[in-house]
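What follows is each chain in one-letter form.
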Amino acid sequence: MIEFRSVSKRFPDGTIAVEDFSLELPSRRTTVLVGSSGSGKTTLLRMINRMVDPTSGTIEIDGEDIARVAPVPLRRRIGYVLQNSGLLPHRKVVDNITTVPLLEGVSKRDARARALELLDTVGLDRGLADRYPSQLSGGQQQRVGVARALAVDPNIMLMDEPFGAVDPIVRADLQQELIRIQRQVAKTIVFVTHDIDEAFLLGDQVVILEQRARIAQVGSPAEILANPASDFVADFIGADRGRRALRAVHTDGRTVLIDRDGRAAGVLLEGEPGE
Ligand SMILES: Nc1ncnc2c1ncn2[C@@H]1O[C@H](COP(=O)(O)OP(=O)(O)OP(=O)(O)O)[C@@H](O)[C@H]1O
Ligand SMILES: [Mg+2]
């Protein structure tokens, strides 16, 4: 379990990014932090691996105050996946995945064998192992980023808008893949997004944040949907629901459902139930 206790972060220029934040993140579950830009999501995430240290308050992992753990060994226990994969461009896929295990003293042979297994885990062909990141699509690069984060078998995975930079179809694929991987590996995942639909899809626990990381509501997707705690939450949920709203367009004998972006979302055939 990760526990934030009254954590605040004030940057040297005076910006208060996080103010008195307390939360328990259960082990082997996915907690999604969702909120608009500048609400402090990345700052919260980076405090878990000590890339940012709180100004006040404490963060514990399984009861241990992480302020007493040196950052480098701490980070080796925690996988970190970034929006733009963060792969080293002039190292092959396999070498990107094995970097940290090799630092940990794993033999080259074992590290490579494990990297190939991880390519299977994230749904990539082993044939891609010897390519360079630039020879992969954006979605494939993100999968390598996930494989790299899993390579040290961390208990915790931090994911900062990992699927933000890919198109909606690839994104849906990656989301399904993550759900499948999480069923298999059951890590404590902290996932940041500003997409409420992604939050509800992936989160066991969803945390809706206002500015300064004030918690507007925390709960399961079902709890939040059934019972928004405030107008802010209702708006936050509603805004996206509205954007997804479908309208029906009738054309020769068919009804086509069109979303706000003008894309066809489906077709109702005549005589179908519910027409
Ligand atoms: N190093 C820094 N120095 C000063 N202010 C910072 C620093 N890093 C972040 N901030 C500020 O802290 C606040 C929270 O930033 P943070 O990056 O955590 O937000 P976020 O929720 O991840 O936003 P986004 O969705 O845009 O990524 C913002 O006002 C930001 O400008
Ligand atoms: Mg951010």
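Counting of residues starts from 1 at the beginning of each chain's written sequence and follows it residue by residue. The naming scheme follows written order: chains are lettered A onward, ligands numbered 1 onward. In keeping with the model being predicted, local features are shown solely for residues with a pLDDT of at least 70 and side-chain atom pairs are shown and tallied solely at 80 or more, while totals for entire chains, interfaces and linings include all residues. Just so you know, side-chain values use all the structure's heavy atoms and leave hydrogens and water out.

### Description of empty space enclosed by the protein
Next up, step 1: With a 1 Å grid spanning the protein atoms alone, the term cavity applies to any set of points in which a 1.4 Å probe fits but cannot get out, the term pocket to an open set with protein on both sides within 12 Å along at least five of seven lines, and the term lining residue to any residue with an atom within 4 Å of a point. Grid points are joined across faces, edges and corners, and a volume is the space filled by probe spheres set on the points. As enumerated under the stated definition, the model contains 2 cavities of 30 Å³ or more in all.
Next up, step 2: Taken as a whole, the largest cavity encloses approximately 60 Å³ of empty space.
Next up, step 3: Lining the largest cavity are V122, R143, V146, F163, L174, E177, L178 and I181.
Next up, step 4: Comment: elements are numbered from the N terminus, with helices defined as DSSP H or I runs of at least four residues and strands as E runs of at least two. Elements with a minimum of two residues in the lining of the largest cavity: α5 (138-150) and α6 (168-185).
Next up, step 5: Considering each element in turn, the lining of the largest cavity owes the most residues, 4 residues, to α6.
Next up, step 6: Roughly 30 Å³ of volume is contained in the second largest cavity.

### With respect to α5
Next up, step 1: Expected span, for any helix, means 1.5 Å times one less than how many residues it has. Its 13 residues place the ends of α5 19 Å apart at the C-alpha level, agreeing with the 18 Å of an ideal helix rising 1.5 Å per residue.
Next up, step 2: Note on contacts: a residue pair qualifies if any of its non-hydrogen atoms lie within 4.5 Å across the two residues. The elements touched by buried residues of α5 are β6 (78-81), α3 (93-103), α4 (108-121), β7 (156-160) and α6.

### Looking at the sheet that holds strand β4 (residues 56-61)
Next up, step 1: A strand pair is defined by DSSP finding two or more bridges across the two strands. Here we have 4 strands laid out as an open sheet, ordered β2-β1-β4-β5, and antiparallel in their pairing. In this open sheet, the two strands that pair with only one neighbour each are β2 (16-25) and β5 (64-65).
Next up, step 2: Here 5 bridges tie strand β1 (residues 2-10) to β4, and the two strands are oriented antiparallel to one another. Residue R5 lies in a different strand from β4, and its bridge partner there is T58.
Next up, step 3: Between the N-to-C directions of two axes lies an angle of 0 to 180 degrees, each axis being a line fitted to C-alpha atoms and, for a helix, fitted only over the stretch in contact. The strands touched by helix α1 (residues 41-48) within the sheet are β1, β2 and β4, with β1 carrying the most contacts at an inclination of about 120°.

### Quick look at the pairing of β6
Next up, step 1: Each residue is assigned to one of three classes by its accessible area relative to the maximum for its type, calculated with a 1.4 Å probe on protein chains only: buried under 20%, partly exposed between the two thresholds, exposed over 50%. By the alternation rule, side chains of β6 split into I78 and Y80 and G79 and V81, which are all buried.
Next up, step 2: Both β6 and β7 contribute to a ladder of 4 bridges, which runs parallel. In the sheet register, G79 faces β7, and the bridge partner there is M157.

### Focus: the nonpolar core
Soluble, globular proteins show a tendency: their nonpolar side chains are buried together.
Next up, step 1: I97, V146, M159, F191 and I208 are the most contacted members of the largest nonpolar core, which totals 42 residues.
Next up, step 2: With 5 residues, the top contributor of residues to this core is α5. The definition of a nonpolar core used throughout is a set of buried Ala, Val, Leu, Ile, Met, Phe, Trp, Tyr and Cys residues joined through side-chain atoms within 4.5 Å.

### Considering the pattern of salt bridges
Next up, step 1: One speaks of a salt bridge when a side-chain nitrogen belonging to Lys or Arg is within 4 Å of a carboxyl oxygen belonging to Asp or Glu. A full pass over the atoms with the stated rule returns 15 salt bridges.
Next up, step 2: The partner of D120 in a salt bridge is R126, with the nearest N and O atoms 2.7 Å apart.
Next up, step 3: Here the residues in one salt-bridge network are R143, D173, E177 and R180, joined through shared partners.

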